Amino acid sequence: MVSTAILEKFRFNLPKGLARRVLPGFLTLIAMVMILLICGAMQPRIWSQNGLTLIMSPIVALAIASMAQMVMMSIGDIDLGIGFFVGMITTIVATLLRETPILGVLALAGSVLAYALLGALVQLRSVPSLIATLGASFVWLGMGLFVLPVPGGSAPDWLFAYAFWQPPLSIPAPLVTMVVATALTWFVTRRTALGVRFRSLGSNPVALMRSGGSLVVTRMLAYGTVGLLGVLAGITLTAEIGGGDVNAVPGYTLTTVAAVILGGGMFTGGRAVAWGTLAGAVTLGLLTVLLTLLSLSSNLQPAVQGFIVIGVLAGRLVVERMTR
Amino acid sequence: MCPRQRWRGPFLQNGDIAVVLTKTISKTNTAAREPLVQVRRVVKTYGPTKALSGVTLDVHAGEVFGVVGHNGAGKSTLMRVLSGLDGVDSGSVQIGGATRPSGRGFPGVRMAYQEGSLAQELTVYENIYLSSKNWIADRRWHGAASRRAAARLDEIFPDHAIKPADYVDDLTLADRQMVEISRATIADDLSVLILDEPTESLSGSAVDHLYDYVRKLRSSNHAIILVSHRLKEILSVCDRVVVMKDGAVVSTHAAASVTEQDLFLAMGGEVVIEKPVQGTSQAATDSARPISIKVPMATVDGAATQIVAHKGEVIGLAGIAGQGQEKVLDRLWRRNGDVQVSAALAYVPGDRQRSGILPIWDVARNLTITALPSLGKNGIRQVDKENALVTKWVDQLKIRGGSSAAITGLSGGNQQKVIVARAFASDADTILLDDPFRGVDVHTKVELYQLIKSEARKGRTIVWYSSENSEMQHCDRAYVLRADRIAGELHGTDITDERIISLSFVEARGS
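Residues numbered from 1 in each chain as written. Chains lettered and ligands numbered in written order. Predicted model: local features only at pLDDT ≥ 70, side-chain atom pairs only at ≥ 80, totals over all residues. Heavy atoms only, no water.

1. Side note on the overall build of chain B
Now for step 1: Helix and strand content of chain B: 18 helices and 18 strands.
Now for step 2: Counting across all 511 residues of chain B, residues that qualify as buried make up 55%.
Now for step 3: When contacts within chain B are restricted to residue pairs at least 6 apart in sequence, those whose partners lie at least 24 apart make up 67%.
Now for step 4: Summed over its atoms, the accessible surface of chain B is roughly 21600 Å², and 51% of this surface lies on carbon and sulfur atoms. (Helix = DSSP H or I, 4+ residues; strand = E, 2+ residues; numbered from the N terminus. Buried < 20%, exposed > 50% of the residue type's maximum accessible area, 1.4 Å probe, protein only. Contact = heavy atoms within 4.5 Å. Areas by Shrake-Rupley, 256 points an atom, 1.4 Å probe, with all protein chains shown as cover.)

Below is the structure:
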């Protein structure tokens, strides 16, 4: 009796629709903690600053790339080129940015601008984002091969310094990076006027238009934000692998979509779930660790990921049917 | 305040308000002498249709101005022009001194739309902020927007239960409409408020609250333009009412001196009534024929009734657009448990671009898609049979370009012929028509009306929803729908514009 009364009161105070939006990310967070606990039970040495840094540092770039995909999906688009884009950025960082920093910075800025122009193309010519970004992915691949035909190069010294950075209070460095990147993305998409425009573009472009907003400018800014996050993902990936390789992470393209879905995002746009996406990306990243600890082939990982995403989507559908 | 109170006396009694208004105001209040909204001979065309054909009207500050009219009268187009969403082809619009809209429309003009202007995935306060950004401080806008939203909702609808942080898609339709109305009123420079069917989904007390607020806005010298199908509400809240028909203003009335009946008549206007073909209606109303469909419905007073169609009958679903006609078709098409419907159905959609044509296929493939299963043999297509069928229909309907033309290369009328032929080429015995002849030229329409009649004579049942009242005279019987309920049934020669219009506005007794 008492507990239902409390639940009723709690429900009454909660804004309508909030639970439906927060719950998926929250469930993913629980899954993440459970995987972490299982890993920790099997290999207690991960409970240290070094251990956590070791298992989390490969996930940083994935988490930031997932933020990029999340922004893309919040406006109702999907990015099929983020994997090669991040790869291309590593080649720029490992060569141009190290040797001629000014040229490197210009090249990175140019990449962001290219993304913004891609957004203009999608809006003005009504090219589906899938096609536009898939086409662009071959451009990124070609550019990356042009900059660095074979994997190589070397991360700039300041990036090496970051890779060996040990924050105080034995907090793992990757955690700091991921949380900062997520907090920034959350702030832009949820707390700023720009974020409101992004989400209204994904939810109902007519509403945005009637309020006097420009669809082209909004989409260009959103794509620019995606490009910026992609550049950040590329920089952190360079720190992780120590050099540049355009073919480093083509799998990010679909893994990032999976992370956003796990975090509570939707293909139809309008939802920006930065924290949920972080939980999704970390969960998917930790799966690799878990499979390794279980001495299962990491080749199984894509299949396991696939089953999880399908399971989550199906489960969410069932829950929505029941609550409506 | 005082001078304006003085002129409202004669204003309500006199028929020719415009004159009285200008005269009286010129004596008392020089600032308001000019009408706030001046529309002069505005013409607006969309492709072949002339949506507005020379509209002239004035709206003054401090009045509630009603606009009524039936389907296609041009109300929505006029509102789009007034809110600055659409430009005009000729004529002029002047609102508060501005002659052309800026990027955000005319300054001071705000419109509450019937639907579609809220972003469903956003919260209430985010929607308010999106649309009223100019009047909400950028710093700490979450709190500011929430307070603005809550304050305005409380002001207009005192017993609402909406929290600013609620997500719009979790609100009921009535709540969404309240948010939409509040959204439109949150503007510091508000001078003209346009309300498009604001009460269609509101409950009784919310309707009263809204109109109390409208009166309050009027007394603070705002102009309110109210578009509604609910004539009773229009007459109770408006000062003046204009009746629109075929893209023009046909008459202006003082709300105090007209009745609902007068407005019906003005909306019906002078229509040439063609006699429907007598032969089919005689044969088809013969109730000895087997019943092919039955849809349980309610009358406007709540009594149970049903839509019945006999084999070989053409049944019309008429009334104001969006009053449940498409829901009836949908129930039939989905074969809801409560409807009785014949075995094979075919459906002709109204929106060819969205749900009609298969754009990259040619005419022949577009035409045979529905008939395909019955033409095949063990799942294998029989191309010769298909071609014979295509040739027959292309010849019969004179589809220009022939069977191998690309469907997108055809004119709208010819595309529509293909879509109609697709349904009739199948072996379906009941054909559902969902307002299929919108934007189709007259010649094509006449050919297709003939086709419908001849197919009905062959024993097919046609259920036809049309937003164009004059089309309904080709039906044997027509049901007029109002708010998802049946307002009346018309037979044969009784199916006229006037009868449909007057039934369209029937409201439940006692409401």
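2. Quick word on the sheet that holds strand 13 (residues 340-341) of chain B
Residues and elements named next belong to chain B.
Now for step 1: Strand order in the open sheet formed by three strands is 11-10-13, and the pairing between neighbours is antiparallel. Both outer strands of the open sheet, strand 11 (304-310) and strand 13, are each paired with one neighbouring strand and no more.
Now for step 2: Pairing between strand 10 (residues 291-298) and strand 13: two bridges, direction antiparallel. Its bridge partner being in strand 13, Lys 294 is matched across the sheet by Gln 340.
Now for step 3: Against the sheet, helix 11 (residues 325-333) makes contact with strand 10, strand 11 and strand 13, and its axis sits at roughly 130 degrees relative to strand 10, the strand it touches most. (Pairing = 2+ DSSP bridges. Axes fitted to C-alpha atoms, helices over the stretch in contact; angles between N-to-C directions.)

3. Overview of the nonpolar core
Now for step 1: Grouped together as the largest cluster of nonpolar side chains are 140 residues, with contacts concentrated most on Tyr 115 and Leu 286 of chain A together with Phe 157 and Leu 202 of chain B.
Now for step 2: The biggest single contributor to this core is helix 3 (residues 49-74) of chain A, with 16 residues.
Now for step 3: Residues contacting Tyr 115 of chain A, with those up to four places away along its chain left out, are Met 72, Asp 79, Gly 81, Ile 82, Phe 85, Trp 140, Tyr 223, Val 226 and Gly 227 of chain A.
Now for step 4: Membership of the second largest hydrophobic core comes to 45 residues, among which are Val 314, Ala 318, Val 348 and Ala 456 of chain B. (Core = buried A, V, L, I, M, F, W, Y, C linked by side-chain atoms within 4.5 Å.)

4. A word on the pattern of salt bridges
Now for step 1: Following the criterion strictly, the structure yields 32 salt bridges over all chains and no others.
Now for step 2: Among the ionic pairs, Asp 157 of chain A bridges to Arg 98 of chain A, the shortest N-O distance being 3.5 Å. Of the two residues, Asp 157 of chain A is situated in helix 8 (residues 157-163) and Arg 98 of chain A in helix 5 (residues 96-99); the sequence distance between them amounts to 59 residues.
Now for step 3: Classification of Arg 98 of chain A as partly exposed rests on a relative accessible area of 34%.
Now for step 4: The shortest N-O distance in the salt bridge between Glu 489 of chain B and Arg 477 of chain B comes to 2.9 Å. Of the two residues, Glu 489 of chain B sits in strand 18 (residues 485-491) while Arg 477 of chain B sits in strand 17 (residues 477-482), which places them twelve residues apart along the sequence. (Salt bridge = Lys/Arg side-chain N within 4 Å of Asp/Glu carboxyl O.)

5. What about the domain arrangement of chain B?
Now for step 1: On domain assignment, one finds that chain B holds domain 1 (31-108 + 190-270), domain 2 (117-188) and domain 3 (278-504).
Now for step 2: Taking only C-alpha atoms, the centre of domain 2 of chain B and the centre of domain 3 of chain B are 42 Å apart. (Domains from an automatic or database assignment.)

6. Looking at the interface of chain A and chain B
Now for step 1: On the chain B side, the residues contacting the 30 residues of chain A number 26 residues.
Now for step 2: Together, the buried faces of chain A and chain B total about 2300 Å²; carbon and sulfur atoms form 50% of this surface.
Now for step 3: Among the salt bridges present, the one from Arg 21 of chain A reaches Asp 169 of chain B, with a minimum N-O distance of 2.7 Å.
Now for step 4: At the boundary of chain A with chain B, the tally comes to 15 residue pairs in polar contact (both at pLDDT 80 or more).
Now for step 5: Elements with a minimum of two residues in the side of chain A that touches chain B: helix 1 (2-13), helix 2 (18-42), helix 9 (173-191), helix 10 (193-203) and helix 11 (205-210) of chain A.
Now for step 6: It is helix 10 of chain A that provides the largest number of residues to the side of chain A that touches chain B, a total of six residues. (Buried area = accessible area lost by both parts, 1.4 Å probe. Polar contact = N/O pair within 3.5 Å; in protein donor to acceptor, adjacent residues only side chain to side chain.)

7. Details of the side chain of Glu 455 of chain B
Now for step 1: Position of Glu 455 of chain B among the secondary structure elements: in helix 17 (residues 442-457).
Now for step 2: Excluding anything up to four places from it in sequence, Glu 455 of chain B contacts Trp 393, Phe 424 and Arg 460 of chain B.

8. Some words on the sheet that holds strand 3 (residues 64-69) of chain B
All names here are of chain B.
Now for step 1: Spatially, six strands are ordered 5-6-7-3-8-9 in an open sheet, and the strand pairing comes out mixed. Unpaired on one side and paired on the other, strand 5 (109-112) and strand 9 (248-254) mark the two borders of the sheet. Within this sheet the neighbouring strands show an average axis-to-axis angle of 20 degrees, counted without direction.
Now for step 2: As paired elements, strand 6 (residues 192-196) and strand 7 (residues 223-227) share five bridges and run parallel to each other. Counterpart to Val 192 in the pairing with strand 7 is Ala 223.

9. Concerning the packing of aromatic side chains
All names here are of chain A.
Now for step 1: Per the stated rule, a full pass over the model turns up eight aromatic pairs over all chains.
Now for step 2: Taking 4.9 Å as the distance between ring centres and 70 degrees as the angle between the ring planes, the aromatic pair formed by Phe 85 and Trp 140 counts as edge-to-face. Within this pair, whereas Phe 85 is found in helix 4 (residues 82-94), its partner Trp 140 is found in helix 7 (residues 129-147), the two being separated by 55 residues in sequence.
Now for step 3: Residue Trp 140 is classed as buried on the basis of its relative accessible area of 6%. (Phe/Tyr/Trp six-rings, centres within 6.5 Å; stacked < 30°, edge-to-face > 60°.)

10. Let's talk about helix 16 (residues 412-425) of chain B
Now for step 1: An ideal rise of 1.5 Å per residue puts 20 Å on 14 residues; helix 16 of chain B measures up with 20 Å between its terminal C-alpha atoms.
Now for step 2: Burial analysis of helix 16 of chain B places 13 of its 14 residues in the buried class, which makes it a mostly covered element. (Expected span 1.5 Å × (residues − 1).)

11. Focus on helix 15 (residues 383-397) of chain B
Every α-helical turn comprises 3.6 residues, leaving residues that sit three or four positions apart pointing alike.
Residues and elements named next belong to chain B.
Now for step 1: Over its 15 residues, helix 15 extends 21 Å from the first C-alpha to the last, a length consistent with the 21 Å expected when each residue adds 1.5 Å.
Now for step 2: Listed as buried for helix 15 are Glu 386, Leu 389, Val 390, Trp 393, Val 394 and Leu 397. Here the buried residues of helix 15 occupy an arc of 125 degrees about the axis, which is enough to place them on one side. Away from its buried face by more than 90 degrees, helix 15 exposes Asp 384 and Asp 395.
Now for step 3: At the exit of helix 15 stands Lys 398, carrying a positive phi of roughly 50 degrees. (Arc of directions from axis to C-beta.)

12. Here's the deal with the packing of helix 10 of chain A against helix 4 (residues 124-131) of chain B
Now for step 1: Between helix 10 of chain A and helix 4 of chain B, the least distance of the axes is 10 Å, while the angle of their chain directions is 100 degrees. The orientation of helix 10 of chain A relative to helix 4 of chain B falls into the category roughly perpendicular. Here helix 10 of chain A contributes Ala 193, Val 196, Arg 197, Arg 199 and Ser 200 of chain A to the contact with helix 4 of chain B, which in turn contributes Glu 126, Tyr 129 and Leu 130 of chain B.
Now for step 2: Of the residues that constitute the contact of helix 10 of chain A with helix 4 of chain B, the class distribution is four nonpolar, one polar and three charged. (Parallel < 35°, antiparallel > 145°, perpendicular 65-115°, else oblique. Nonpolar A, V, L, I, M, F, W, Y, C, P; charged D, E, K, R; others polar.)

13. Things to note about the pairing of strand 12 (residues 314-318) of chain B
All names here are of chain B.
Now for step 1: By the criterion of burial, strand 12 is predominantly enclosed, with five of the five residues buried.
Now for step 2: The alternating pattern of strand 12 places Val 314, Gly 316 and Ala 318 on one face and Ile 315 and Leu 317 on the opposite face, and all of these are buried.
Now for step 3: Bridge count for strand 12 against strand 16 (residues 461-465) is four bridges, and the pairing is parallel. Residue Ile 315 lies in a different strand from strand 16, and its bridge partner there is Val 463.
Now for step 4: In this sheet, strand 17 lies alongside strand 12 in parallel orientation, the contact comprising four bridges. Residue pairing for strand 17: Ala 318 is matched across the bridge by Val 480.

14. Observations regarding the confidence of the model for chain B
Residue and element names in this part refer to chain B.
Now for step 1: Looking at chain B, pLDDT values average 81 and 87% of them are 70 or higher.
Now for step 2: Of the regions scoring below 50 in pLDDT, residues 1-32 engages in 33 contacts with residues more than four places distant in sequence or in other chains.
Now for step 3: With pLDDT under 50 throughout, residues 269-285 is counted as low confidence; its partners more than four residues away or in other chains account for 27 contacts. (pLDDT = per-residue confidence, 0-100.)

15. What to know about a nonpolar patch on the surface
Residue and element names in this part refer to chain A.
Now for step 1: A cluster of nonpolar side chains, namely Val 22, Leu 23, Phe 26, Leu 27, Leu 29, Ile 30, Val 33, Met 34, Leu 37 and Trp 47, defines an oily patch on the protein surface of about 920 Å² accessible area.
Now for step 2: In this fold, Val 33 is placed in helix 2.
Now for step 3: Residue Val 33 is classed as partly exposed on the basis of its relative accessible area, which comes to 39%. (Patch = residues over 30% accessible without salt bridge, like charges linked within 9 Å, V, L, I, M, F, W, Y side chains within 5 Å.)

16. Let's talk about the environment of Ala 173 of chain A
Residues and elements named next belong to chain A.
Now for step 1: For Ala 173, the location among the structural elements is in helix 9.
Now for step 2: By relative accessible area, which is 6% here, Ala 173 ends up buried.
Now for step 3: Separated by 121 residues in the primary sequence, Ala 173 and Leu 52 place their C-alpha atoms 9.0 Å from one another.
Now for step 4: Leaving out residues up to four positions away in the same chain, Ala 173 has contacts with Thr 53, Trp 165 and Pro 167.

17. Considering unusual backbone geometry
All names here are of chain B.
Now for step 1: Even without being glycine, Arg 41 reaches a positive phi, approximately 45 degrees.
Now for step 2: For Arg 41, the location among the structural elements is in strand 1 (residues 37-46).
Now for step 3: In this structure, Arg 335 takes a positive phi of about 50 degrees despite not being glycine.
Now for step 4: For Arg 335, a relative accessible area of 38% puts it in the partly exposed group.

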